Structures are given as C-alpha cells and as structure tokens.
Amino acid sequence: MLNIADKSFTSRLFTGTGKFATSELMSQSIQASGSQLVTMAMKRVDVQDQDDDILAPLLKAGVNLLPNTSGARNAEEAIFAAQLAREALGTNWVKLEIHPDPKYLMPDPIETLKAAATLVEQGFVVLPYVHADPVLCKRLEDLGCAAVMPLGAPIGSNKGLRSRDFLEIIIEQARVPVVVDAGIGAPSDAALAMELGADAVLVNTAMAVAKDPVAMAKAFAQAVEAGRSAYLAGLGGQQQQAMASSPLTAFLDD
Amino acid sequence: MSFSELLAQYDSAEVHLAINSKSAADVERALAKDKLDLDDFQALISPAAEAYLEQMAQRSQRITQQRFGKNQQFYIPLYLSNMCSNVCEYCGFSMGNKIRRVTLDEQAIDAELEAIKQLGFDHILLVTGESERLTGMPYFRKVLPRVKARFNHVSMEVQPLEQAEYEELVSLGVDAVMVYQETYNRRRYAEVHHKGKKCDFDFRLATPERLGEAGIRKIGIGALIGLDEWRNDCFFAAAHLQYLERRYWQSKFSISFPRLRPCEGSFQPKSLMTDKQLVQLICAYRLFNHDVELSLSTRESEHFRNHAIPLGITSMSAFSSTQPGGYADTSSKALEQFEISDDRRPEEVAAAVRKAGYQVVWKDWDRVMG
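The shown structure was predicted, so the numbers you read here are calculated from the model rather than taken from an experiment. (Residues numbered from 1 in each chain as written. Chains lettered and ligands numbered in written order. Predicted model: local features only at pLDDT ≥ 70, side-chain atom pairs only at ≥ 80, totals over all residues. Heavy atoms only, no water.)

Engineer: Residue-level account of the side chain of Asn 71 of chain B, with values.
Structural biologist: Structurally, the position occupied by Asn 71 of chain B is in strand β1 (residues 71-81). We classify Asn 71 of chain B as buried; its relative accessible area is 9%. Polar side-chain contacts of Asn 71 of chain B include one of 3.2 Å to the backbone oxygen of Phe 68 of chain B. Aside from chain neighbours lying at most four places away, what touches Asn 71 of chain B is Lys 19, Phe 20 and Arg 44 of chain A together with Thr 314, Tyr 358, Gln 359 and Val 361 of chain B. (Helix = DSSP H or I, 4+ residues; strand = E, 2+ residues; numbered from the N terminus. Buried < 20%, exposed > 50% of the residue type's maximum accessible area, 1.4 Å probe, protein only. Polar contact = N/O pair within 3.5 Å; in protein donor to acceptor, adjacent residues only side chain to side chain. Contact = heavy atoms within 4.5 Å.)

Encoded structure:
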C-alpha cells in the first residue's frame, strides 16, 4: 500500500489524461491501468461544464484527481491554477508543474520551490514535478511537499530513465514518496523505476500514443507490479567478475 | 544579430538553386536524422523529396502524435474590421478596393462574441485590416476586456505594433499574436505592397522579435504562399523560426501556410503550390521542428483538411467568416477578405476530426494563468 498525505493507493501506477484520441479511450485506458490517481491539466478542463470530455469520465470512474498546473510559467500562475482547481474540483491535491520553456517543458526549479512554499502554507498537498535533482528534492521535502516527482527523461520523449543515477540518489535519500514522472516510454522503463525503489510512476504519452492504448495500459500495470515485487524481493547485486567457489579468504573460517 | 541581418546574408537565387539541386541522397540523409538542420529542411522541401512523400508523412504523423497526441485544437477568427490603410495587390481589404467598410462597435462585438460562444469555441483569433487610426491601441483597449471575459484563449492578427504596445496587449490578456511576413523576398515585397505602413519590410520582419521581447506566450509566423517562390519563402520562414526559438525560449511558436489560389481576384500568384506540395511542406516543417504548432485554415478545402488531420497539423479553424459581423448577421457576403473553401459548421468539422481518430480540443488555456 502506498500512502501519500491522507490517501492510500493499492496501485503504484499513476496516469495522465493528455494525448488520447477520444475520451472513451482515455477512460478505458485508465481503467485498464488500475490507476487510482489521475492527473489532468487545469488549462484543458472546463470546470463549468459537467460534460467536459476529460472531467466527466474521471468523475464517473471515481478516481482521485490530481489537477496539474501545466502551462504555468512562474510561481504566481501556478498558485492561481492550484487555487482554481481547489475551488472548482474540491481537491487540495496539486501536481505542481512550472515550465517557462514551452519546447521541452523543463521544470523551473526556482519558481517551483517558491510556489511549493506558498501552496504548502495554504494547505495544499503538493506533488512537484522536477528535474532529477537530489538537492532540490530534499529542499521540497523540507518545505512539506507530500511527494516528489522527478523526471526520467524529457516529458513526452519516451526515452526511459536517462536520469537513472540521480533518481537512485533521490530514492536513497527520500523521506517522502518518489514518483518517477516523464520520459517513461515502455513497460520495461516502469519496471526498472520500480526495481530501483521508486514508490510509483506516472505514465501518459507511452499509453496514449500506443497503437492499442488499453492493452498498453494493462502492460504498464503488470510491469509496475513486477518491478515492485522485484524490489521487495531484493535484487541480487551485479558482479563484474565471477565469484570463485573457493574464495581466497576461505581459510579464515577454518 | 537581428533576423534582418541574418536574412541579408542569404542570396535568394543561391537559396533557390540550393533547394532545387538537392539529390535523393540529401533527402535520405535528412530522413535518417533525428535533429534536422536548415540544410536538411531544404532537402525535404526540394523537388527531390517528392518521391519520399509517404515516408515523410509516416514520420511526421509519428512525431506529431508523440508530441501532441491525437488532438486537434479548434479556433475561430473574428474579423473586427476591414478598414485598411495599405494597398496590397493580393488582399481583398486593400484600400483601393471599393467595398463597404465596417469596424465593429462594442454592441456588434458583443453580438459576435455571443454567436461564437454558442458555437462552442473557447479560442478566438481577432483579426483586423491594418488601420492604426481606427483599429489601434485605443480600440483594442475597449475590445479586449470584452473578449477576455468570455474566451480563455485570445489570439490576434492585426497590424504590426511597437514593443510597448505588445506589452500592453499581453497585460490585457492576449495570449498569441500572428504576424505573417507575406514574403521574405525584399524586392518582391516592394512589388506587391504599394502604399501604407506595410511597405516597411524591416518593420514587419522585426515584429516577432518585438513580440518576443514583450514576453508574449505564442508567436505565429509564416509566408503567404505564392507571392514569391514558395520553397524560398518557406525556407526563410523555417530559418526565422529557428532564429526566434533560440532567442525567445519562453515563447511558443506556430506556423501557418496560407496558400494563394489562382482563381482569387485578378492577382496571379508567382508560384503555385499543389496539394501534394502542401503536404510535403507540412511534413517538412514537422520533421524539422517536432514542437512547432502547425495550423490549417478554412482556405483549404474540406477534402484536403479531412486528409491533412493526421499529417502533422495541430490546430484548425472551423466555420470561419472573414467578414466583420458575419457570425451574428449571416445575410451579407460583400465584405470578405477572401473566400473560404471549407464552410462546414463546427460540429461537422469536429465530426470529421473524430472520424479520423482525433479528439477536438476546444479549451486549452485558462484565464487564471495570465
């Protein structure tokens, strides 16, 4: 069971809502993934419209909503978006995303830190999307963020865990859940993140742009479970050389 | 270095020759790369690349789906005025044309906004002719709060302004400004622009830079295809995009490719572009730049637009009226800037988008974020 703030999750696979061809496909994929936490961009959702293409199926499915501040270029805009989400959707959870760069959507560490401080103070459950920067993650944790969401690779790139070395440090040091977000392109990437000890992964593009998003969602669910089981089982360490059956120091036990 | 200085380093005839002498091997080299440079772009818009169209389309589709998903953004233009103080050979709003001139007042604007809202749009593109006297900042100061109160995303396509004026537009809620160079060929530009401030090639060329300095969220650029050799102009638009992206890294960019048709008025385009070549261009832009928004207007036919959906296009207008007041009052057709080719209602275009396996995105911005 994964606990973040006041909620418990049996699934460690979080999903997104962008890039799907239809809202039906989005719904079916989320369902197949078993995800209990689903992120959605406030800029895409029409909160006045009960039949909104993204919001309506999520409300019907009863999943936990994780509104995100995608599109915000600075702390001020992100705080506005979080407040809008809280007012409109009745949730104080927010995935804090601030990217002044619209091309690669690289998260801005300075503005993220600033916004996180304010939002935590205002009672939000803040899950910041950040670079795989171990120091920044510790800073955010110290501020009171409920989890950290470091990227595996540039968002939407499907390139996998390019930031693996830094993710390992973050996971080793973290006192809050670590959710690997962005870049996960294949179930094997998700399994690897879980084997490394990540608490959860968030996947969107790899499912949405798959030939069969529903089947891919299922594959991700299985991979996350397998990766978690392997982590709990304790992976054997890798060796460069074969271990001699008669080690040189065996005589000490004689 | 300004883009004007960069452009001055090119010789149009040499660019024309370079593009037209690209070989199959150049195209294949470009297709094998992930990050394309301007030389690769030349190869992809060259006659040699026509034989690789399907390969380009497949790749363009894949990249677009990965970066944008199976989504199509919808927007609608609102023509506020057809007053214009320029004389341009190719445009219906040209000062010399004897048409009834209209600038919408606040009451008429409200009627238009209401009619558009009823159609389901949330992204509106405000368009005017180029008349600083009637549609300058005092007019925009009155209009924009009314528009921003009803629409989350507001774009503008108006006469080029000064940087300080763009800064004010941003503070009034404008999210994007489109400004097309028409042609990047200075000599040809002078031939088709006869009178008015628009004759100033450099002022127009530097407009995206003023927009970037003003911190606008999105800048739309492009060439009016057909004014000069289309391959040259589209190459310079790509070079312009590359220049702007590196300098204004916090802005998004979009490219449009309005195509002149031989049948419109008495103006004869210098370079005609076939449907096949337009597809080649769309794919070339996508392969060159994975993240730029590519926009297709209702200038193109229903048939073309339906088939272009999965090729690399990310935003489309629908149900456009190019005459001021044309949404609330559909009776008169006398004031149009140009004749549109796809006059389907928004729900019909949306149905075609869905049929192609894509989702229509009506809202992709929220006022709270500036």
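Next comes the rest of the write-up.
Engineer: I'd love a proper account of the packing of helix α4 (residues 109-121) of chain A against helix α5 (residues 134-143) of chain A, names of residues and values included.
Structural biologist: All names here are of chain A. The interhelical angle for the contact between α4 and α5, taken along N-to-C directions, is 15 degrees, at an axis separation of 9 Å. By the angle between their directions, the pair α4 and α5 is classed as roughly parallel. Crossing handedness for the pair α4 and α5: right-handed. In this structure, α4 contributes Pro 109, Thr 112, Leu 113, Ala 116, Ala 117 and Val 120 to the contact, and α5 contributes Leu 136, Arg 139, Leu 140 and Leu 143. Class assignment of the residues belonging to the contact of α4 with α5 gives a composition of 8 nonpolar, 1 polar and 1 charged. (Axes fitted to C-alpha atoms, helices over the stretch in contact; angles between N-to-C directions. Parallel < 35°, antiparallel > 145°, perpendicular 65-115°, else oblique. Left-handed = near helix turned anticlockwise from the far one by under 90°. Nonpolar A, V, L, I, M, F, W, Y, C, P; charged D, E, K, R; others polar.)

Engineer: So what's going on with the packing of aromatic side chains? Residues and values would help.
Structural biologist: Summed over the entire model, instances satisfying the criterion amount to 16 aromatic pairs over all chains. An angle of 75 degrees between the planes, with centres 6.1 Å apart, marks the rings of Phe 9 of chain A and Trp 93 of chain A as edge-to-face. Taken as a pair, Phe 9 of chain A in strand β2 (residues 7-9) and Trp 93 of chain A in strand β6 (residues 93-96) lie far apart in primary sequence, 84 residues in all. You'll find Phe 9 of chain A and Trp 93 of chain A in the same group, each marked buried. Ring centres 5.2 Å apart and planes at 55 degrees place the aromatic pair Phe 41 of chain B and Phe 288 of chain B in the tilted group. Highlighted residues: Phe 41 of chain B in helix α4 (residues 38-44) and Phe 288 of chain B in helix α13 (residues 275-288), separated in sequence by 247 residues. We note that Phe 41 of chain B, like Phe 288 of chain B, is buried. Cluster of aromatic residues (ring-pair linked, three or more members): Phe 3, Tyr 10, Tyr 184, Phe 235, Phe 236 and Tyr 243 of chain B. Stacked on the ring of Tyr 129 of chain A, the Lys or Arg Lys 95 of chain A has its end atom at 5.2 Å from the ring centre. The lysine or arginine in question, Arg 259 of chain B, covers the ring of Phe 304 of chain B, its NZ or CZ lying 5.6 Å from the ring centre. (Phe/Tyr/Trp six-rings, centres within 6.5 Å; stacked < 30°, edge-to-face > 60°. Lys NZ or Arg CZ within 6 Å of the ring centre and 35° of its normal.)

Engineer: Talk me through the pairing of strand β4 (residues 153-157) of chain B; I want residue IDs and the actual numbers.
Structural biologist: Residues and elements named next belong to chain B. Of all 5 residues that make up β4, 4 are buried, and the element is covered over most of its length. In the sheet, strand β3 (residues 123-128) pairs with β4 via 5 bridges, with the strands oriented parallel. Following the sheet pairing, His 123 is matched in β4 by His 153. The sheet contact formed by β4 and strand β5 (residues 176-178) spans 2 bridges and is parallel. The residue bridging Met 156 from the neighbouring strand is Val 177, located in β5. Handedness of the crossover is the feature at issue here: the chain leaves β4, passes through helix α8 (residues 163-171), returns alongside β5, and the resulting connection is right-handed. (Pairing = 2+ DSSP bridges. Right-handed = clockwise from strand over helix to strand, strands pointing away.)

Engineer: Outline the interface of chain B and chain A, listing residues and values.
Structural biologist: Contact residues are listed per partner, giving 29 residues for chain B and 31 residues for chain A. Both sides of the chain B and chain A interface together cover about 2500 Å² of buried area, and 45% of this is carbon and sulfur. Note that Lys 103 of chain A is salt-bridged to Asp 291 of chain B, the shortest N-O span being 3.8 Å. Of all the elements in the fold, those that place two or more residues in the side of chain B that touches chain A are α5 (53-68) and β11 (359-361) of chain B. Looking at which element gives the most residues to the side of chain B that touches chain A, the answer is α5 of chain B, with 4 residues. (Buried area = accessible area lost by both parts, 1.4 Å probe. Salt bridge = Lys/Arg side-chain N within 4 Å of Asp/Glu carboxyl O.)

Engineer: I'd like a description of the pattern of salt bridges, backed by residues and values.
Structural biologist: Under the counting rule described, the total for this entry stands at 38 salt bridges over all chains. The closest approach of N and O atoms between Asp 175 of chain B and Lys 148 of chain B, which form a salt bridge, is 2.8 Å. In this pair, Asp 175 of chain B sits in the loop between α8 and β5 while Lys 148 of chain B sits in helix α7 (residues 137-148), placing the two residues 27 residues apart along the sequence. A relative accessible area of 3% means that Asp 175 of chain B is categorised as buried. Given a relative accessible area of 11%, Lys 148 of chain B falls into the buried group. Beyond isolated ion pairs, a larger network of salt bridges with shared partners links Lys 103 of chain A together with Arg 67, Glu 245 and Asp 291 of chain B.

Engineer: Report on unusual backbone geometry, specifying residues and quantitative values.
Structural biologist: Residues and elements named next belong to chain A. Even without being glycine, Ala 5 reaches a positive phi, approximately 50 degrees. As for its placement among the helices and strands, Ala 5 is situated in the loop between β1 (2-4) and β2. Unlike most non-glycine residues, Asn 158 shows phi in positive territory, near 60 degrees. Take Asn 158: it is sitting in the loop between β8 (149-150) and α6 (164-173). Looking at Asn 158, the relative accessible area reads 24%, which means it is partly exposed.

Engineer: Describe in detail the pairing of β3 of chain B, supporting the description with residues and values.
Structural biologist: Along β3 of chain B, 6 of the 6 residues are buried, which leaves the element largely enclosed by surrounding structure. Once the chain exits β3 of chain B it traverses α7 of chain B before rejoining the sheet at β4 of chain B, and the crossover so formed is right-handed.

Engineer: Quick one: what's the story with the UniProt feature "active site" (unreviewed entry) in chain A, residue by residue and with numbers?
Structural biologist: All names here are of chain A. The sites that carry the UniProt feature "active site" (unreviewed entry) are, in the present numbering, Lys 95. Position of Lys 95 relative to the elements: it lies in strand β6. Not counting residues up to four positions away in its chain, the partners in contact with Lys 95 are Thr 39, Leu 66, Pro 67, Asn 68, Thr 69, Leu 127, Tyr 129, Met 149 and Asp 181. (UniProt positions renumbered as here; feature names shortened; annotations may be inferred.)

Engineer: Which residues make up the side chain of Thr 15 of chain A, and what are the values?
Structural biologist: Counting through the fold element by element, Thr 15 of chain A comes out in strand β3 (residues 13-16). When its relative accessible area of 0% is taken as the criterion, Thr 15 of chain A is described as buried.

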